[in-house]
Amino acid sequence: MASPALGSQVAAAASVPVGSDCVFKGTALKGNTNLTFRSKPCIGMTLAWKNKAQQSRHLNKVFCMSVQQASRSKVAVNPVELENAKEPPLNLYKPKEPYTATIVSVERIVGPKAPGETCHIVIDHGGNVPYWEGQSYGVIPPGENPKKPGSPNTVRLYSIASTRYGDSFDGKTTSLCVRRAVYYDPETGEEDPSKNGICSNFLCDSKPGDKVQITGPSGKIMLLPEDDPNATHIMIATGTGVAPYRGYLRRMFMEDVPTFKFSGLAWLFLGVANSDSILYDEEFTNYLQQYPDNFRYDKALSREQKNKNGGKMYVQDKIEEYSDEIFKLLDGGAHIYFCGLKGMMPGIQDTLKRVAEQRGDSWDQKLSQLKKNKQWHVEVY
């Protein structure tokens, strides 16, 4: 999907071998303009059209890069100067003086049977609000703070779901993964718009060209350590907590980053309600197929799968399945990350403690050592 700010020249943000077919759910791209697109879009490629008229005709189409082509030839990124900084950018824009960015696209990325709506939102910051993978942006929704009439709304933080180069690979956009917060009255079962999430609904309802006030970037705890390209990274997410991991994995497996050539292991555990709720599945499945020695991908679908005791399968149950392997990897220096709703952590901590005790270890001592070694990364909300 193109933004008016992306320029007037034709630019494809991916390298595709000449003469190859780019397949979209049974429809080949070569010589065919009547494309069939997935109901759950893959956000992997951005085009800039020849002119405004052509852009307008195509603006509402979701263009999905071929899963196979995305892996055969990694995507060139620019500007590579984004690799030069020794320290991550922090708080370049603050709540009193936010940056005015522009919405490029808003796409629903869950299926019809998903409980609730989750959107992938691309924002054009013009290269003026650079960030690193694992950081967050603040968003200030328009309107007055209902608790402080006359004052603007407070900042809401969102984990960034793209690499520093953005979905257009040019360093000018960022992507957010946002679930629309909707409140239902427990007695009537009906939606109460007055209690809906102000910022998530603003973002999910936005249209291309709309302006959005952003702050940041912020955060250091979830930064991807890159000193050892052969390291192991165990990533655990519930729902939209997968956002930073999408950035990590694109940097590892999709982008041709001159200063970072990943050769280790990335292992993603994703917990969602059902198959229609899985986020970015096309991208992750692609990595699994193309980099089987470097990527593992396990899903916990609470409404479709059962754990070993016959109950619902949550992400901590999936962790328990592989607990021996996980603990051995941690003993070997692996990094482990947790991102999602804060309610995920007690169950996960209980599982890890139980497994540690079964191994004859003290979980408290183990956790203290992981934190001391900077192997333990948590961002919950």
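Keep in mind that what you see is a predicted model, and the values were worked out from it rather than measured. (Residues numbered from 1 in each chain as written. Predicted model: local features only at pLDDT ≥ 70, side-chain atom pairs only at ≥ 80, totals over all residues. Heavy atoms only, no water.)

### With respect to the overall build of the protein chain
Here is step 1: Assigned secondary structure in the protein chain consists of nine helices and 19 strands.
Here is step 2: The buried share of the protein chain, reckoned over its 381 residues, is 52%.
Here is step 3: Accessible area for the protein chain stands at about 18,100 Å²; split by element, carbon and sulfur atoms hold 49% of it. (Helix = DSSP H or I, 4+ residues; strand = E, 2+ residues; numbered from the N terminus. Buried < 20%, exposed > 50% of the residue type's maximum accessible area, 1.4 Å probe, protein only. Areas by Shrake-Rupley, 256 points an atom, 1.4 Å probe, with all protein chains shown as cover.)

### Examining the sheet that holds strand E16 (residues 265-272)
Here is step 1: Read across the sheet, five strands follow the order E17-E16-E14-E18-E19 without closing on themselves; strand pairing throughout is parallel. Taken across any chain shown, the strands that pair with only one partner, and hence form the sheet edges, are strand E17 (295-301) and strand E19 (376-380). Each neighbouring strand pair of the sheet contributes to a mean axis angle of 10 degrees, computed without reference to strand direction.
Here is step 2: Summarising the sheet, E16 and E17 pair through seven bridges and their orientation is parallel. Note on E17: the bridge partner recorded for Trp 267 is Arg 296. (Pairing = 2+ DSSP bridges. Axes fitted to C-alpha atoms, helices over the stretch in contact; angles between N-to-C directions.)

### What about the environment of Lys 308?
Here is step 1: Considering the arrangement of structural elements, one finds Lys 308 in the loop between E17 and helix H6 (315-321).
Here is step 2: In the structure, Lys 308 is positioned 13 residues away from Glu 321 in sequence and 8.8 Å away in space, judged by C-alpha atoms.

### A short note on unusual backbone geometry
Here is step 1: Omega for the peptide link from Asn 78 to Pro 79 comes to -5 degrees, which places this bond in the cis form.
Here is step 2: Following the sequence through the fold, Pro 79 ends up in the loop between strand E5 (75-76) and strand E6 (99-108).
Here is step 3: Cis geometry marks the peptide bond from Gly 216 to Pro 217, where omega comes out at 0 degrees.
Here is step 4: Structurally, Pro 217 is set in strand E13 (residues 211-218).
Here is step 5: In the Ramachandran plot, Asn 91 falls in the positive-phi region, its phi being about 50 degrees despite a non-glycine side chain.
Here is step 6: On the basis of relative accessibility, which here comes to 41%, the residue Asn 91 falls in the partly exposed class.

### Side note on the layout of surface pockets
Here is step 1: Space inside the largest pocket adds up to approximately 980 Å³.
Here is step 2: Along the wall of the largest pocket there are 41 residues; nearest its centre are Arg 179, Thr 238, Gly 239, Thr 240 and Leu 341.
Here is step 3: Residue assignment for the lining of the largest pocket shows that the elements contributing at least two residues are strand E11 (156-159), strand E12 (173-179), helix H3 (198-205), E16, H6 and E19.
Here is step 4: Looking at the lining of the largest pocket, the element that brings in the most residues is E11, giving four residues.
Here is step 5: Considering only residue class, the lining of the largest pocket consists of 22 nonpolar, 15 polar and four charged.
Here is step 6: Residues from two domains meet in the lining of the largest pocket; each of domain 1 (74-218) and domain 2 (224-380) gives at least three. (1 Å grid on protein atoms, 1.4 Å probe; cavity = no way out; pocket = protein on both sides within 12 Å on 5 of 7 lines; lining within 4 Å. Points joined across faces, edges and corners; volume = space filled by probe spheres on them. Nonpolar A, V, L, I, M, F, W, Y, C, P; charged D, E, K, R; others polar. Domains from an automatic or database assignment.)

### Some details on the sheet that holds E12
Here is step 1: Taken in spatial order, the six strands of this open sheet run E11-E8-E13-E6-E7-E12, and their pairing is antiparallel. In the strand order of this sheet, the two ends are held by E11 and E12, each with one partner. If you compare each strand with its neighbour and ignore which way they point, the axes differ by 40 degrees on average.

### Structural notes on the environment of Glu 97
Here is step 1: Tracing the backbone shows Glu 97 in the loop between E5 and E6.
Here is step 2: Look at Glu 97 and you get exposed, because its relative accessible area is 62%.

### Description of helix H9 (residues 363-372)
Here is step 1: Among all positions in H9, only Trp 363, Lys 366, Leu 367 and Leu 370 are buried. All buried residues of H9 fall inside an arc of 95 degrees around its axis, so they share one side. For H9, the exposed residues set more than 90 degrees away from the buried face come down to Asp 364, Gln 365 and Lys 372.
Here is step 2: Looking at the buried residues of H9, the elements they touch are helix H7 (323-331), helix H8 (344-358) and E19.
Here is step 3: The positive-phi residue at the C-terminal boundary of H9 is Lys 374, with phi of around 60 degrees. (Arc of directions from axis to C-beta. Contact = heavy atoms within 4.5 Å.)

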